[in-house]
Amino acid sequence: MLFLIAYISSVVLINFAFSTAPHLDVIWSAWGGLVFILRDMVQTRFGHGAIIAMLAALVLSYITSDPSIALASATAFAVSECIDWLVFSITKRPLHDRLWISSALSIPLDTFIFFGLIGALTPMVAGTALVSKFAGVTAVWLIMAWRLRKRVVAN
């Protein structure tokens, strides 16, 4: 439940931050890595039900943030969630691999769509967002792979 609350709150807060202080876009883009980690944690616990959490976060973002930021966020998340859904539904790889594969496909699209729609797509912002998101997802992948290996060795 903690990851669910943290995920929804982070989406709302990051959209609010982009709305109120767009000049700090590099800072907010780094925060995006946390949002992807939390989304992955919500997906591992709730499966495709993570879409409901995303919808709740986007509705709250629309209420609390600039509607154009909320729309850009909704568009980017919709694309990335569709990719995630396809990877999670089609591939039969271990969970940690599915998380990394879906992120490798969805992170660049999410980043370019969101920052492109809000007019903040600069090399610095895109680079910061991509590095933070991939670093976060890779950290989650490593932790999950380590736990799996530990369980296999224990058995």
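Just so you know, these numbers come straight off a predicted model, no measurement behind them.

Novice: So what about the overall build of the chain? Which residues, and what values?
Specialist: The secondary structure content of the chain amounts to 6 helices and 0 strands. Taken from N to C terminus, the helices and strands of the chain fall in the order α-α-α-α-α-α. Computed over its C-alpha atoms, the radius of gyration of the chain comes to 15 Å, within 12% of the 15 Å expected for a compact globule of 155 residues. Taken along the three principal axes of its C-alpha coordinates, the chain extends 50 × 30 × 25 Å. Sorting the 155 residues of the chain into buried and exposed places 44% on the buried side. Of the accessible surface of the chain, which amounts to about 8,000 Å², a share of 76% is contributed by carbon and sulfur atoms.

Novice: Provide a residue-level description of the UniProt feature "transmembrane region" (unreviewed entry) in the chain, including the pertinent values.
Specialist: Within this structure's numbering, the places UniProt gives as "transmembrane region" (unreviewed entry) are residues 45-63, 99-118 and 124-146. Secondary structure over residues 99-118 splits into 95% helix and 0% strand, and the C-alpha atoms at its two ends are 27 Å apart.

Novice: Quick one: what's the story with the pattern of salt bridges, residue by residue and with numbers?
Specialist: This structure, assessed with the given rule, holds 4 salt bridges. A salt bridge links E81 to R39, with the shortest nitrogen-to-oxygen separation between them at 3.6 Å. In this pair, E81 sits in helix α4 (residues 67-90) while R39 sits in helix α2 (residues 25-46), placing the two residues 42 residues apart along the sequence. Look at E81 and you get buried, because its relative accessible area is 5%. The closest approach of N and O atoms between K133 and D110, which form a salt bridge, is 2.9 Å.

Novice: Give me the lowdown on the packing of aromatic side chains, citing residues and values where you can.
Specialist: Applying the stated criterion across every chain yields a total of 4 aromatic pairs. Ring geometry for F18 against F115: centres 5.6 Å apart, planes inclined by 65 degrees, an arrangement best described as edge-to-face. Pair noted here: F18 is in helix α1 (residues 2-20) and F115 is in helix α5 (residues 95-117), with a separation of 97 residues, a long-range link. On the basis of relative accessibility, which here comes to 4%, the residue F18 falls in the buried class.

Novice: Which residues make up the nonpolar core, and what are the values?
Specialist: Taken as a class, soluble globular proteins show a tendency for nonpolar side chains to be buried jointly. In terms of nonpolar packing, the biggest core is built from 26 residues, with Y7, V11, F18, F77, F114 and F115 touching the most fellow members. Of all the elements in the fold, those that place two or more residues in this core are α1, α2, α3 (50-64), α4, α5 and α6 (123-154). The biggest single contributor to this core is α1, with 7 residues. Here F114 is in contact with N15, F18, I69, A72, S73 and A76, once residues within four sequence places are set aside. Within the second largest apolar cluster, 5 residues are counted, among which are M41, F88, L99 and V140.

Novice: Break down the confidence of the model for the chain for me, citing the residues and quoting the values.
Specialist: Residue-level pLDDT values for the chain average 87, and 100% of them are 70 or greater. Confidence scores differ between elements of the chain, with α2 showing the lowest mean pLDDT of 80 and α1 the highest of 92.

Procedures and definitions
Residues numbered from 1 in each chain as written. Predicted model: local features only at pLDDT ≥ 70, side-chain atom pairs only at ≥ 80, totals over all residues. Heavy atoms only, no water. Helix = DSSP H or I, 4+ residues; strand = E, 2+ residues; numbered from the N terminus. Rg over C-alpha atoms; globule rule 2.2 N^0.38 Å. Buried < 20%, exposed > 50% of the residue type's maximum accessible area, 1.4 Å probe, protein only. Areas by Shrake-Rupley, 256 points an atom, 1.4 Å probe, with all protein chains shown as cover. UniProt positions renumbered as here; feature names shortened; annotations may be inferred. Salt bridge = Lys/Arg side-chain N within 4 Å of Asp/Glu carboxyl O. Phe/Tyr/Trp six-rings, centres within 6.5 Å; stacked < 30°, edge-to-face > 60°. Core = buried A, V, L, I, M, F, W, Y, C linked by side-chain atoms within 4.5 Å. Contact = heavy atoms within 4.5 Å. pLDDT = per-residue confidence, 0-100.

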